[in-house]
Amino acid sequence: MGPGATVGGDGSNIVLNGLSLADIEAQDLPGELACSFMAGPGEDVILLARGDVASSQPAVGVVKVGDYVERLAAPGGFDGMIQGATFAGRGKTVEVDVTGQPVGGGESPPRPATLTYQRADGASRAFPGQWTCGP
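Please read all numbers here as calculations on a predicted model, not as lab measurements. (Residues numbered from 1 in each chain as written. Predicted model: local features only at pLDDT ≥ 70, side-chain atom pairs only at ≥ 80, totals over all residues. Heavy atoms only, no water.)

Draft legend 1. Broad picture of unusual backbone geometry. A positive phi angle is found at D28, which is not glycine, with a value near 45°. Counting through the fold element by element, D28 comes out in the loop between α1 (21-27) and β2 (33-38). For D28, a relative accessible area of 64% gives the class exposed. One non-glycine residue, A54, adopts positive backbone phi at about 50°. Tracing the backbone through its elements, the reader meets A54 in the loop between β3 (45-51) and β4 (59-65). Take A54: its relative accessible area is 69%, and that puts it in the exposed class. (Helix = DSSP H or I, 4+ residues; strand = E, 2+ residues; numbered from the N terminus. Buried < 20%, exposed > 50% of the residue type's maximum accessible area, 1.4 Å probe, protein only.)

Draft legend 2. Spatial organisation of the packing of aromatic side chains. Evaluated as defined, the whole model comprises one aromatic pair. Ring centres 6.5 Å apart and planes at 70° place the aromatic pair F87 and W131 in the edge-to-face group. Of the two residues, F87 sits in strand β6 (residues 84-89) while W131 sits in strand β9 (residues 124-134), which places them 44 residues apart along the sequence. (Phe/Tyr/Trp six-rings, centres within 6.5 Å; stacked < 30°, edge-to-face > 60°.)

Here it is as structure tokens:
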């Protein structure tokens, strides 16, 4: 199977769709700062998470699996997400691994990363893209 293909599980594909502004606003995510994962420059955000700086509360995020927006959480608030994070939700784990140095300048430049979505049935799918954290 090529990169980005669903591997294992019951054979059904893992499909993550872009989050719309309405999807995000409906979730009312807590937290002062956010991180987002885009599958490529100009692509839709497929994971958005918010958390507080220097907090013991988890960061809370969302992904859109097919047509359903699902919540996830990762320990450590905003600080726990900057270098990548492992989010857990009902029947899924989503891991963001930062794979390189920031691209470009500014206060919150994107970093190359891979998002791996793992389903409870053992299926997983990797999405290469960019992880951006900041204001």
